[in-house]
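# Structural description and commentary
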Amino acid sequence: MGFVPLKINTGILADLAADDFPATVFGWRNDRLSLPAGSAHYGIALAGTTAIRFGRRSFTIETGMFFVVPGEFIVESDSGYGLIISSRGNRGLFQIGGPVEAEGRLKYIDGCSDTLLVCPPCLGEPCLNHLHIPPHTSQTEHTHPSVRIGAILRGQGECRTPEGNLELQPGMGWIIPSGSLHSFHTSDESLDVIAWHPDSDFGPTDENHPMINRTVI
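Here the residue numbers are simple positions, counted from 1 along each chain's written sequence. Totals for whole chains, interfaces and linings use every residue, but because this is a predicted model, local features are given only for residues with pLDDT of at least 70 and side-chain atom pairs only at 80 or more, for both listing and counting. Think of the side-chain values as coming from all heavy atoms in the structure, minus any hydrogens and water.

## Some points on unusual backbone geometry
Note the threshold: A helix here means a DSSP run of H or I that spans at least four residues, while a strand means a run of E at least two residues long, and both kinds are numbered starting from the N terminus.
Residues Gly 98 and Pro 99 are joined by a peptide bond in cis, for which omega reads 5°. Its identity as a non-glycine residue notwithstanding, Asp 110 has a phi of 60°, on the positive side. Summarising the element assignment, Asp 110 is placed in the loop between β12 (106–107) and β13 (113–118).

## A short note on the sheet that holds strand β9 (residues 73–76)
Under the convention used in this document: Following DSSP output, two strands are said to pair if at least two bridges run between them. Axis definition: a line fitted to C-alpha atoms, limited for helices to the stretch in contact. Angles are taken between N-to-C directions and run from 0 to 180 degrees.
With antiparallel pairing, four strands are arranged side by side in an open sheet as β4-β9-β6-β7. Strands with a single pairing partner mark the edges of an open sheet, and in this sheet they are β4 (32–35) and β7 (57–62). Between one strand axis and the next, the sheet turns through 20° on average, direction left out of account. Relative to β7, strand β6 (residues 49–54) runs antiparallel, the two sharing six bridges. Residue pairing in the sheet places Arg 53 in a bridge with Ser 58 of β7.

## Some thoughts on the packing of aromatic side chains
Filter applied, for reference: When the centres of two rings from Phe, Tyr and Trp lie within 6.5 Å, Trp using its six-membered ring, the rings pair. Their planes under 30 degrees apart give stacked, over 60 give edge-to-face, and anything left gives tilted. Note on classification: 1.4 Å probe, protein chains only; a residue is buried when its accessible area is under 20% of the maximum for its type, exposed when over 50%, partly exposed between these limits. In our convention, an over-ring charge means Lys NZ or Arg CZ found within 6 Å of a ring centre and within 35 degrees of that ring's normal.
Applying the stated rule across the entire model yields six aromatic pairs. Aromatic side chains Tyr 42 and Trp 196 sit 6.1 Å apart centroid to centroid with 55° between the ring planes, which places their arrangement in the tilted category. Taken together, the residues Tyr 42 in strand β5 (residues 39–47) and Trp 196 in strand β20 (residues 191–197) connect sequence positions 154 residues apart. Of the two residues, Tyr 42 and Trp 196, neither departs from the other in class, the shared state being buried. The interplanar angle of 75° and the centroid separation of 6.0 Å between the aromatic rings of Phe 67 and Phe 73 together place this pair among those described as edge-to-face. Take Phe 67: its relative accessible area is 0%, and that puts it in the buried class. Among the residues examined, Phe 73 registers a relative accessible area of 2% and is labelled buried. Following the ring pairs from residue to residue traces out a cluster consisting of Trp 28, Phe 67 and Phe 73. One Lys or Arg, Arg 29, reaches over the ring of Tyr 81 and ends 4.0 Å from the middle of that ring.

Here you go:
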């Protein structure tokens, strides 16, 4: 199937243990959820207010904010919900950001725009993106070489696949398997999508990063 919708409740929403890039998709909704060690956890708050408890520290996140937590932690909320992608075996880099902006900062296909919310710390590692699709957009059909996982943050639209069309609403999660043909379409409203990529062909290396490139000896 080209587009798999996910209803967000507390607990495991999907287990991609057999994927080339093993991951587990979790949700939380007005509840407490413990996340395991051994993974980097990439999350997006879709509504309300949520607390992130990491070691002795506690942070508050609200609608449209995103985070990365390496290792074991807890999300807790009585008035919010969101999605977490746990990338197994990745270290990640602890960070909290957002809320996401109204549009992306980089050009994407068919007049869409994209912001790289979480950059890969090293070449090839996961990243998190905000994809903004303006009103009256019909994307060109396309595929990705690895799985995409994410959620609808704002707006309305649909995802079209060879298997059929699916209506997109704020607060829903989704998975697009590797190589699946799909395209996003909007009418009078824009659509804001948060998308996690398990791999990247972009990122710093030991030989190529801003600090070493701008060091003159």
